[in-house]
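Coordinate inspection notes
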Amino acid sequence: MAEETENENNLVPANDRIIPINIEDQMKSAYIDYSMSVIVSRALPDARDGMKPVHRRVLYGMLDLGVTSGKPYKKSARIVGDVLGKYHPHGDSSVYDAMVRLAQDWSMRYPLVDGQGNYGSVDGDPPAAMRYTEARLKKIAEEILSDINKDTVDFQLNFDDSLQEPTVLPTRIPNLLVNGASGIAVGMATNMAPHNLSEVIDGTVAYIDNREIEISELMQHIKGPDFPTGGIIYGYNGVKDAFETGRGRVVMRGKAEIETLKNGRECIIVTEIPYQVNKANMIERTAELVNEKKIEGIATIRDESDREGFRIVYEIKREANANVVLNNLYKYTALQTSFSVNNIALVKGRPMLLNLKDMIHEFVEHRHEVVIRRTKFELAEAEKRAHILEGYLIALDHLDEVIKLIRASDTPEDARLGLMEQFGLSDIQARAILDMTLRRLTGLERDKIKEEYAELMKTIEYLREVLADEGLRMKIIKEELAEVKEKFGDERRSVIVHSAEDMRMEDFIDDEEIVITISHNSYVKRTPLTEYRRQGRGGKGAIGSSTREEDFTEHIITASAHNYLLLFTDKGHCFWLRAFEIPEGSRTSRGRALQNIINVPKEEKIKAFIKIINLKDQEYLENNFIIMCTKKGTIKKTSLEAYSRPRANGINAININEGDELLEACLTTGGSEIVMALRSGRAIRFNEANVRPMGRTATGVRGITLASEKDEVVGMIAVDSSDTTVLVVSEKGYGKRTDVEDYRVTNRGGKGVKTINVTDKTGELVAIKGVTDADDLMMINKSGIVIRIGVETLRVMGRATQGVRLITLKDTDAIASITKVAREEEEVEEGLEINTDNDESNGSTDTDDNEQ
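These numbers were taken from a predicted model, which means no experiment stands behind them.

A few words now on the overall build of the chain. The helix and strand inventory of the chain stands at 20 helices and 41 strands. Taking 29 Å as the expected radius of gyration for a compact globule of 852 residues, we find that the chain reaches 43 Å, considerably beyond that expectation. If one aligns the C-alpha atoms of the chain with their principal axes, the spans along those axes are about 145 × 85 × 70 Å. Expressed as a percentage of the 852 residues in the chain, the buried residues total 49%. Residue pairs in contact within the chain that sit at least 24 positions apart in sequence constitute 71% of those at least 6 positions apart. Where the 114 positive side-chain charges of the chain centre and where its 141 negative ones centre are 4 Å apart.

Here it is in structure tokens:
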């Protein structure tokens, strides 16, 4: 029809035939064919032997040419020509480049080709032309080709159908894992890391012993990638991801040590570099960064590498810190790089993403099939030989008759037919007898035939057992793997170092009770609670921390090392911190600036903290609230859930008005009663239900009315237990406990009632705490002295009294802060009992703790 149309329109001569097609369909079809060809026949390795077609053809071509490890080297051009002419119809560079890589010990963890001549360098130098270099197979490559002539693998016709080539190699080595692979196909790519042969074999044996083995158990044998250039694998999360999912990012670092030269200068010596890093380019790039002032502190860079190994020397300037320079080298240069694992390989001709167990499974299944096929081949060969030997034995038993028959025959054909008829022999047996030499008729040779037949029958029986018993086949696989490990196994080259982000630090830290102290100038430290011994009430106290004259300890927090802390600044910002992340210090040490631990702005100070046990439990988050109060008497309530995802730079916890600042924050369950106290000695009690929950950015509502403009809130407590009493402390060391019930419940926003009788002797109110007899009290004054007393030593008094002296102060000293701590089972230091109604202190002094 198309032809008639064309003729009618006189477009083309009638004898030409043009078939119109849709170009879109043609492009789709052609591109799919091309992409499938690249995926299956070029870029991706087979999961069974870990080889791409070009590598398989190079190794098989070398075996075919007889260039094995025990034979002399042959010119690379000869090998490449053979592979091109027989199996790989592409450019010669594709074959030579593949062969060169198989010979480079910095590219392959276990090189498969033994190269002689210039095969390039780790500096990126190209290899010499193939006419100059020579090659032969390595011994380990012969293990990959082992038994290939025993019908162990399928063969296919080559490109011109003149020869057969293997579709896969019968490898004894898990080459996919051991040497890895990389390739870019169409729409997908693969990048597989090399591993240590000994570890991989141990893992494979463990898998054979237990097919249900978990990947985590396999990882006890196969620790991680093992790169030919050694180096350090920094961090384990990427390795774990790669093993479990087939994808992961492995961070690699060069091996570097800091040494001191004779002239007193420090230098960084790099002896191993990350895998696939070009050494010359790395050094050149580092020099550029030094010249651009992006990396400072390096005086000179020298490459002292030789045949013995790598040695790159970075000489450090006198004023520079070698550790800082090294960290900058890791950050800005290829001394630290990453290997993105993407385990895509062909399984039954289809690309698949494989985890560690999948790769081992594919190898074991392949090896199992090879053992079955090899056993069948050897059995068939043994049975053929046994059949011939049976014919020999029949002939030897009837030797005279056989000789007579042969002599009487006119032609070999007559003799053959005669033997078959007279003795019931097969055609093969009859031909073998006719081909026998006369020396085989001697007595010694006859005995040898009988011995060979007996041995052969044992072999046949064993081979049949192997074919009938899968357990026996698996035992053979394990024995062969053990042989390979014995011959070629070696130590790891890449060291695995856990990075900080890998570790769940709480796994390494005892969940002990600690005291966290924060100074007025925001220096912080943590100390085991046991360092603070209890004293009798009225004691002189112990040195709590050595601080600068203008600094003093302002907050004392008791927590468990695994707790979370929410820290609130005076400007209403919230920061998140784990208790164990605070540096540990002795009781007398100064601590570390909080700005170095969390990103608190310099102009802000930590005013309040909340101890949180778990920030992941949604029910816990939704059923707990944070109540905050400010110096000007504002109060605000927000769900804890709003503070469960703080950022590194903090979040807004409350909107603070001009001239006000956040004072206190506490955690409640929603049913507490709030008591707020003023500096003027008044306090208010109201129910938490009177404060509705608000968003993070709200300002809040009035909690208490100040007595004057100079007055301010000194603290707030949330009472949720009938055992709780209200403890108030004045700045001159007086304090007292009062029942909560002494404070009548009112609406929020009132002026409150008197909580302590403020006089010149007592000073103004500085703190309010909710305490029970099970608590201890820790007080610290502005000069840094700490005293710890049991709350049960303070009797409960009325609201309007002035209280008793809790700590002996010098004239100019004053209380800085107080906190309650959990009771420890410790001995109380002996201190003289004093009259609780007496203002004078008779407490004993702890001389050891007061030595400066």
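In this structure, Leu59, Leu112 and Leu197 are the most contacted members of the largest nonpolar core, which totals 80 residues. If you tally residues by element for this core, the top one is helix H18 (residues 470-488), at seven residues. Of the residues that make up this core, three or more belong to each of domain 1 (33-192) and domain 3 (358-488). Not counting residues up to four positions away in its chain, the partners in contact with Leu112 are Met51, Leu59, Leu102, Leu137, Lys138, Ile140, Ala141, Ile144, Asn175 and Asn179. Counting 22 residues, the second-largest nonpolar core is a separate cluster that includes Leu379, Leu456, Ile460 and Leu463.

On to the pairing of strand S13 (residues 312-316). Summarising burial for S13: five of the five residues are buried, a large majority. Here S13 shows two buried faces, one formed by Ile312, Tyr314 and Ile316 and the other by Val313 and Glu315. In this sheet, S13 lies alongside strand S11 (residues 266-272) in antiparallel orientation, the contact comprising four bridges. Among the inter-strand pairings, Ile268 is bridged to a residue of S13, identified as Tyr314. Pairing between strand S12 (residues 298-303) and S13: five bridges, direction antiparallel. By the bridge assignment, Thr300 is partnered in S13 with Glu315.

Glancing now at the environment of Phe568. Looking at the secondary structure, you find Phe568 in strand S22 (residues 564-569). Distance in space between the C-alpha atoms of Phe568 and Asn263 is 50 Å, their sequence separation being 305 residues.

Attention now goes to the domain arrangement of the chain. The domains assigned to the chain are domain 1 (33-192), domain 2 (255-334), domain 3 (358-488) and domain 4 (513-822). Here the C-alpha centroids of domain 2 and domain 4 sit 51 Å apart.

Read from one edge to the other, the open sheet built from four strands follows the order S29-S26-S27-S32, with strand pairing classed as antiparallel. At either end of the open sheet lies a strand with only one pairing partner, and these are strand S29 (662-668) and strand S32 (701-702). As paired strands, strand S26 (residues 625-630) and S29 are joined by six bridges and run antiparallel to one another. The residue bridging Phe625 from the neighbouring strand is Thr668, located in S29.

Here we come to the sheet that holds strand S28 (residues 651-652). Strand order in the open sheet formed by four strands is S25-S22-S23-S28, with antiparallel pairing between adjacent strands. Sheet topology places strand S25 (606-612) and S28 at the edges, where each strand pairs with a single neighbour. Two strands pair when backbone bridges link them, and S22 and strand S23 (residues 573-578) are joined in this way by five bridges, in the antiparallel orientation. Looking across to S23, one finds that Tyr564 is bridged to Arg578.

Turning to the packing of helix H17 (residues 443-468) against H18, a few remarks are in order. A packed helix pair is summarised by two numbers, namely the angle formed by the two axes and the spacing between the axes. Interhelical geometry of H17 versus H18 gives an angle of 105 degrees and a closest axis separation of 5 Å. Here H18 runs roughly perpendicular to H17, going by the angle between their axes. For the pair H17 and H18, contact is made by Tyr462, Glu465, Val466, Leu467 and Ala468 and by Glu470, Leu472, Arg473 and Ile476, respectively. Split by residue class, the contact of H17 with H18 holds six nonpolar, no polar and three charged.

Let us now look at the UniProt feature "active site" (unreviewed entry) in the chain. Here the UniProt feature "active site" (unreviewed entry) sits at Tyr132. For Tyr132, the position within the fold is in the loop between strand S2 (113-116) and strand S3 (134-137).

Given two aromatic rings, their pairing is described by the distance between the two centres and the angle made by the two planes. Under the definition given, this model contains seven aromatic pairs. With 5.2 Å between their ring centres and 25 degrees between their planes, Phe227 and Tyr275 make a pair best called stacked. Taken as a pair, Phe227 in the loop between helix H9 (215-218) and strand S8 (232-234) and Tyr275 in the loop between S11 and helix H11 (279-291) lie far apart in primary sequence, 48 residues in all. Ring centres of Phe568 and Tyr643 lie 6.1 Å apart, and the angle between their planes is 70 degrees; on these two criteria the pair is classed as edge-to-face. Of the two residues, Phe568 is situated in strand S22 and Tyr643 in the loop between strand S27 (634-639) and S28; the sequence distance between them amounts to 75 residues. Given the relative accessible area of 0%, Tyr643 is considered buried. The ring of Tyr234 is capped by Arg253, whose NZ or CZ atom sits 3.8 Å from the centre of that ring.

Here the chain shows a mean pLDDT of 85. Residues at 70 or above account for 90%. Per-residue pLDDT, averaged within each element of the chain, yields its smallest value for helix H20 (residues 847-850) (34) and its largest for S3 (97). Within the model, pLDDT remains below 50 along residues 1-8, and this stretch shows 10 contacts once partners closer than five positions in the same chain are excluded. For the stretch residues 824-852, pLDDT sits under 50, and the model shows 55 contacts to residues farther than four places along the chain or on other chains.

Attention shifts here to the side chain of Thr190. Looking at the element boundaries, Thr190 is found in strand S7 (residues 189-192). The exposure class of Thr190 is buried, given its relative accessible area of 4%. A distance of 3.2 Å separates a polar side-chain atom of Thr190 from the backbone oxygen of Asn342. Residues contacting Thr190, with those up to four places away along its chain left out, are Ala43, Leu44, Pro45, Ala181, Ser182, Gly183, Asn342, Asn343 and Ile344.

What counts, and at which threshold
Residues numbered from 1 in each chain as written. Predicted model: local features only at pLDDT ≥ 70, side-chain atom pairs only at ≥ 80, totals over all residues. Heavy atoms only, no water. Helix = DSSP H or I, 4+ residues; strand = E, 2+ residues; numbered from the N terminus. Rg over C-alpha atoms; globule rule 2.2 N^0.38 Å. Buried < 20%, exposed > 50% of the residue type's maximum accessible area, 1.4 Å probe, protein only. Contact = heavy atoms within 4.5 Å. Lys, Arg positive; Asp, Glu negative; His and termini not counted. Charge placed at Lys NZ, Arg CZ, Asp CG, Glu CD. Core = buried A, V, L, I, M, F, W, Y, C linked by side-chain atoms within 4.5 Å. Domains from an automatic or database assignment. Pairing = 2+ DSSP bridges. Axes fitted to C-alpha atoms, helices over the stretch in contact; angles between N-to-C directions. Parallel < 35°, antiparallel > 145°, perpendicular 65-115°, else oblique. Nonpolar A, V, L, I, M, F, W, Y, C, P; charged D, E, K, R; others polar. UniProt positions renumbered as here; feature names shortened; annotations may be inferred. Phe/Tyr/Trp six-rings, centres within 6.5 Å; stacked < 30°, edge-to-face > 60°. Lys NZ or Arg CZ within 6 Å of the ring centre and 35° of its normal. pLDDT = per-residue confidence, 0-100. Polar contact = N/O pair within 3.5 Å; in protein donor to acceptor, adjacent residues only side chain to side chain.

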